[in-house]
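What follows is each chain in one-letter form.
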There are 4 protein chains.
Amino acid sequence: MKIGPGITHCVAMATFGAVFAAGTASAAERTRARDLGIPFAGRTGPLNAITDVAGVEVGYTTLVEGDGALQVGKGPVRTGVTAILPRGRKGVSGVFGAYAVGNGNGEMTGTIWIEESGIVGTPICITNTHSVGVVRDAVIDWMIRNGGTEQLWGLPVVAETWDGYLNDLNGFHVKPQHVFGALDGARGGPIAEGNVGGGTGMHTFEFKGGTGTSSRLVRIKDVGDYTVGVLVQSNFGRRWQLQVAGVPVGREWPEDAPFTQQAGVANELGSIIVVVATDAPLLPTQLKRIAHRSAMGIARTGGTAGNGSGDIFLAFSTANAAAASADRGLQQVSFVPNDQLDGMFEATVLAVEEAIVNAMVAAHTMTGIDGNTLAAIDHARLQQILARYNRLEKR
Amino acid sequence: MKIGPGITHCVAMATFGAVFAAGTASAAERTRARDLGIPFAGRTGPLNAITDVAGVEVGYTTLVEGDGALQVGKGPVRTGVTAILPRGRKGVSGVFGAYAVGNGNGEMTGTIWIEESGIVGTPICITNTHSVGVVRDAVIDWMIRNGGTEQLWGLPVVAETWDGYLNDLNGFHVKPQHVFGALDGARGGPIAEGNVGGGTGMHTFEFKGGTGTSSRLVRIKDVGDYTVGVLVQSNFGRRWQLQVAGVPVGREWPEDAPFTQQAGVANELGSIIVVVATDAPLLPTQLKRIAHRSAMGIARTGGTAGNGSGDIFLAFSTANAAAASADRGLQQVSFVPNDQLDGMFEATVLAVEEAIVNAMVAAHTMTGIDGNTLAAIDHARLQQILARYNRLEKR
Amino acid sequence: MKIGPGITHCVAMATFGAVFAAGTASAAERTRARDLGIPFAGRTGPLNAITDVAGVEVGYTTLVEGDGALQVGKGPVRTGVTAILPRGRKGVSGVFGAYAVGNGNGEMTGTIWIEESGIVGTPICITNTHSVGVVRDAVIDWMIRNGGTEQLWGLPVVAETWDGYLNDLNGFHVKPQHVFGALDGARGGPIAEGNVGGGTGMHTFEFKGGTGTSSRLVRIKDVGDYTVGVLVQSNFGRRWQLQVAGVPVGREWPEDAPFTQQAGVANELGSIIVVVATDAPLLPTQLKRIAHRSAMGIARTGGTAGNGSGDIFLAFSTANAAAASADRGLQQVSFVPNDQLDGMFEATVLAVEEAIVNAMVAAHTMTGIDGNTLAAIDHARLQQILARYNRLEKR
Amino acid sequence: MKIGPGITHCVAMATFGAVFAAGTASAAERTRARDLGIPFAGRTGPLNAITDVAGVEVGYTTLVEGDGALQVGKGPVRTGVTAILPRGRKGVSGVFGAYAVGNGNGEMTGTIWIEESGIVGTPICITNTHSVGVVRDAVIDWMIRNGGTEQLWGLPVVAETWDGYLNDLNGFHVKPQHVFGALDGARGGPIAEGNVGGGTGMHTFEFKGGTGTSSRLVRIKDVGDYTVGVLVQSNFGRRWQLQVAGVPVGREWPEDAPFTQQAGVANELGSIIVVVATDAPLLPTQLKRIAHRSAMGIARTGGTAGNGSGDIFLAFSTANAAAASADRGLQQVSFVPNDQLDGMFEATVLAVEEAIVNAMVAAHTMTGIDGNTLAAIDHARLQQILARYNRLEKR
């Protein structure tokens, strides 16, 4: 499987297993931001990925099919589904969780119940804007089949960003089996970035964007060491805004910005979904604080949350097995006191920043409907700009 | 078409047109709460319905098929779709709107964008819990086909309540064509109540519930006369809680309460969706206040918003054509000052209360999966109880 | 000390101790709603008061001074301060807590931090609208002096309702020593209702209102028995709206409604503050749900949350001593699962309803500035009306 | 008046007039971030201040008195009051407004009513944490005396940050006359920055902080040109986090960071209040979006909203004179459509960033209680660091 420049007729609908194998391979092959010498603050986990949080599993279905002129319903197709399972496929109970909104021009289903209950009780999926519905109902179907007979109802968490610049969005190409594939194939370990899963057809600062991940280790005094892991589906930003490690890359690289230079695209066309996982025992109110910090990580890359952007953030904690236990009776949980959370907040901000840059660095140039093309950010030129601002680390 | 006690093999999937015709007829035939002499405060509009608000159109698809033992995927089917179009099928632009939550164990998609933008830009649909997704994507499909070529994306508003006591909920019987039927068949005028549309398989205070509607006229000094119209999909409440016109009906009628008397059903199994429409020019912040009052109408019937209940409320104003205009440049709108809204608040509370009772009074006894039966509230007995408390009006 | 009809020159500023003694006596002497045969659902605690929740202490300073024409800065004075200490005067650490708003035309300081932290870390005071500031700073002063040297800052919780119909509100008669008096005098046991503390000059449904309290016992299956206690400072409602035990008392008693019959008072002039205490172990997200239900209790009395009303609700749990522990390191807490909270919700709704009626029944007629008078609801007439609707219980 | 290093016995309580005169002079004399060659994106208004928004008036009372060891109640005093009047001292009616919270460990009174009504109806004051109350009640007093006899009640907007490192915070030195001074002395034109008003005793990234301001001009296509003005009371941040124009200044300047190097100060001790004014006609829902972006401006300076930080943001629009008109009847307002707001969002983010740096650059070193000293950031060293990262502009 080859996803990249010059793509013509490549991978049709891939079930997760296949894609993940490829994805794993890619994860090894693909370049990440730190590989280029881009400096980020903080100490990462071993994978520098959301899967550094034990138990978290991620699966992708990547749909890349056809090319040429748009024929609604036929393609070209550049989309997919990302699935995140907080306690993995074996985990039957929910986790404490919370959501926050940076700018609400987007969808994340299930949030009304998360706000009320403090619990994320279903897998989390991310897809394109017009496939939220099919993914949502398919998650219920999958839960019923995997959860035994007691499942009375489900309110799945499904978010989206818009891939209509490359993808036949109104062709509704995501089907239930693609959702099942992403869910069934989810696992821990290294995960692919860039043009995979729900992030397949996405852009970032008018370069090719997509899926990115990062993590941070946090030492909390008198408590212990914890991990914060982030996964983003990054699809936002105008070129002139881009900052990498504080360097005004976008101002140095104004040319070849497809939306800015294209008449009539005055506004943000995109969005970013951020999922933050941690193994630190936090209460729902505290996870809301974590989720809320995602906007600060976006700001560090230059984003300003345009009107058209759906910047929606979800945070959950894999600690506290009793959080959403089906057992009756009092439940016992533990939590880190509020006044020891500063490190968690900083970790979240930094990991979101890095995950966005990782999404850009890992992505490959992609051509979609009507020959629309989003170029991957050129690594060498990016390094040159950073060097000019004394911000390129020796590797 | 006959929907009522003794139902065995009756109406299969009905497209909206057919159902609406029936529905209109039913609206004339069916009993409403005031017909029984139940007293409510306030002055209603001519139809005592959400469609008293000019421009608002409502359509239903009602799905009633099969009987006997549950066979997931085959039936029996007792469900449907309700569609509300704030500016009717011809209305291309959105309305100012806002949502509020009484208890969030439910779903209403599109709310993150409503909260951010203050605008409801799509039709509003209500269905069962496990069909929110299919309805959501189908609304996008319908909007694309009806809205011309400029539609870049859509974030439809789709809400739900749970009908799994009567309906083969996990059979996913709602299909896109049912959504199109409800949308295409929407119109103004009198509308059906009880076992119709999304409300088909619902319960209320352990009687048969469903769809209900009511309206109030509000005179605002120095401003003018406006209408508040409410539609509910009512599916909540435990028997002992029921109050009608302040009378403790539930305490007088403890028997034949299927959930209370059935082992293991300790909790609320239902929900209520409230949609409030008005022609009064109100800003989004003001509509949020209106939406929020819905909980007080529910409280007047005895509801306490149990943990399992998704009490989700949407309010919109059909005034201010410029609210969501696609025109660029400054938009002009008008609004009623905050300190003249008391009448609107009271109207909302009273209309929600009456719409719930209307849903119960209009509903017919229904038998669904595995012979589960929800009995309609007996009109004569209800009147006797009210009379005993000196709360039955002479007609 | 005499507070009641015919009051001319009575009690000057009373420090808490004196008032509390009187208050305790009054608690024994004064009539409560159940004494009149008014029926309420649910089982109360032994005191039917917020102080049924172990550890909760309440103190009042009641200021009644002068009569005749208003002279701003001189009086007449009809106001006070109510203090609620979640863990009593000895309790050094905070409690899990949350707030909710029914209608926000009012003030409760400290809520931004409660929303963020999930913790109520200070005493809770209630006073008149224009004395929130002096009370707030005085609470900090009191905390510094009582809390040792480690106190870096405080964000006290101070709420208010408007007593300008009877009280020289713009005379700023509440002073720091009145706050200290209420705090220092706080204790458990029976507490006074009606014209006491912050509730001294308040109205309810155009009768004399003030402070009221009630409680409910809740049995949670597989968990245990808990108490929900409520204290209200009740100052809202238009006469025609009043319902007592579901009976339309206001419609039967339209005369002598001072605001409705006074030209120019079209709107709500009041507010209601609700404080809900429980010993059930609940997380902040769960306490928010409890707080939110207060509006449903208000609705049962006929209130519709008018534009001018500050309906602000606070809920806290005295369980979980570790909730706001100053100890570093992981904290352990327990909680009742969400799906066992229905009884807590119902208890809250019912106790709020009863506390409001208790405030009215306990209040005495009061004359304030410019001879303005608020008549207490006449017990005998109230009973007659309830009897006519078959809602008067035999005692 | 001299405020700076070596301060011993300098300015006692200054009424606003005096301070403002000094302030105006200072505004001319004092250095601003752009004067140093620090690059910021966007085009500023003529004053690069919140007062670029026509009608907005700002007043300060600065209290600097005593030195040496802390004697609670005696000093040293390093505090003050900042007053912002959206329509100036002559403006009788309110403005559309909204607030947002980045981290809620702080206070802003009046926000519950702003959230409900969409209106800021009082002056906005900022002071120290323990003087919020006195300032709040004094604003009511001032409004009564300035607003005529119709004022029934007031819910003032008063915010705070913590100055206890330099100031005798528990001495409660702010008195009503200081509030009146700030309000009465408010005016348009150039305004002082640094150690003035409520910002007198504040820190930022462990340098001396305080009051800062900035503005941006925004051209909205097909609508017109508008101004966004920002005022911050900046009192947050740990040294290692500081970024100026994207340059990691804090990592280059780890020494002399008083809190990081002082045992036991693990956490954020501060806060930041942001007030955003604009003359663009925006609805309350839109102003909430503006307010919300403040966090992204903070993030650009390196802040991560620590647990101890009260990051509270208020935005208002001076357009739409009818927003809070006391006239009865329908009110007419205009607004910029949501999809033309991207420039406003970006302007807000950029102006907040610059206002924070302005607060630091303008501040002078200050010594307060017990000899505690906060050093102003050294301009020359800051420039050297920026030059090393190729981020110093030629002037």
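The structure we're discussing is the one just above.
The sections below set out a description of the structure shown in this document. (Residues numbered from 1 in each chain as written. Chains lettered and ligands numbered in written order. Predicted model: local features only at pLDDT ≥ 70, side-chain atom pairs only at ≥ 80, totals over all residues. Heavy atoms only, no water.)

### Remarks on the overall build of chain A
In step 1: Counting its regular elements, chain A contains eight helices and 15 strands.
In step 2: For chain A, the C-alpha radius of gyration of 20 Å lies close to 21 Å, the compact-globule estimate for 395 residues.
In step 3: Dimensions along the principal axes, computed over C-alpha positions, put chain A at roughly 60 × 50 × 35 Å.
In step 4: Looking at chain A as a whole, 71% of its 395 residues qualify as buried.
In step 5: The long-range fraction of contacts in chain A, counting pairs at least 24 apart against all pairs at least 6 apart in sequence, stands at 80%.
In step 6: As displayed, chain A has an accessible area near 11,200 Å², and 51% of this comes from carbon and sulfur atoms.
In step 7: Looking at chain A, you have 31 positive and 35 negative side-chain charges, and the mean spots of the two groups are 3 Å apart. (Helix = DSSP H or I, 4+ residues; strand = E, 2+ residues; numbered from the N terminus. Rg over C-alpha atoms; globule rule 2.2 N^0.38 Å. Buried < 20%, exposed > 50% of the residue type's maximum accessible area, 1.4 Å probe, protein only. Contact = heavy atoms within 4.5 Å. Areas by Shrake-Rupley, 256 points an atom, 1.4 Å probe, with all protein chains shown as cover. Lys, Arg positive; Asp, Glu negative; His and termini not counted. Charge placed at Lys NZ, Arg CZ, Asp CG, Glu CD.)

### Observations regarding the relation of the copies chain B and chain C
In step 1: When chain B is fitted onto chain C, the two copies agree to an RMSD of 0.0 Å after a turn of 180° and an axial shift of 0.0 Å. Taken together, these values place the two copies in the relation of a two-fold axis. In terms of proximity to the rotation axis, the leading residue of chain B is Gly246(B), whose C-alpha is 1.9 Å off the axis.
In step 2: When the interface residues of chain B are mapped onto chain C, 97% of them are again interface residues, pointing to one common binding face. (Least-squares fit on C-alpha atoms with pLDDT ≥ 70 in both.)

### Regarding the sheet that holds strand E3 (residues 95-104) of chain C
Across a sheet, paired strands are connected by hydrogen bonds in the backbone, their directions being either parallel or antiparallel.
Residues and elements named next belong to chain C.
In step 1: A sheet is described by the order of its strands in space; here six strands give the open sequence E4-E3-E12-E11-E10-E9, paired in mixed fashion. Among the strands making up the open sheet, the edge pair consists of strand E4 (119-120) and strand E9 (210-220).
In step 2: Of the strand pairs in this sheet, E3 and strand E12 (residues 310-317) are connected by eight bridges, and their pairing is antiparallel. Following the sheet pairing, Tyr-99 is matched in E12 by Leu-314. (Pairing = 2+ DSSP bridges.)

### Some details on the pairing of strand E13 (residues 331-335) of chain A
In step 1: Among the five residues in E13(A), four count as buried, and that is most of the element.
In step 2: In this sheet, strand E13 (residues 331-335) of chain C lies alongside E13(A) in antiparallel orientation, the contact comprising five bridges. Within the sheet, the bridge partner assigned to Val333(A) lies in E13(C) and is Val333(C).

### Comments concerning the interface of chain B and chain A
In step 1: With 40 residues of chain B at the interface, the matching set in chain A holds 40 residues.
In step 2: Between chain B and chain A, the buried area comes to about 3,300 Å², and carbon and sulfur atoms account for 59% of it.
In step 3: Linking chain B with chain A are zero salt bridges.
In step 4: Every element with two or more residues in the side of chain B that touches chain A is listed here: strand E3 (95-104), helix H2 (111-117) and helix H3 (132-146) of chain B.
In step 5: Per element, the largest residue contribution to the side of chain B that touches chain A is eight residues, and it comes from H3(B).
In step 6: Here the side of chain B that touches chain A is composed, by residue class, of 18 nonpolar, 16 polar and six charged. (Buried area = accessible area lost by both parts, 1.4 Å probe. Salt bridge = Lys/Arg side-chain N within 4 Å of Asp/Glu carboxyl O. Nonpolar A, V, L, I, M, F, W, Y, C, P; charged D, E, K, R; others polar.)

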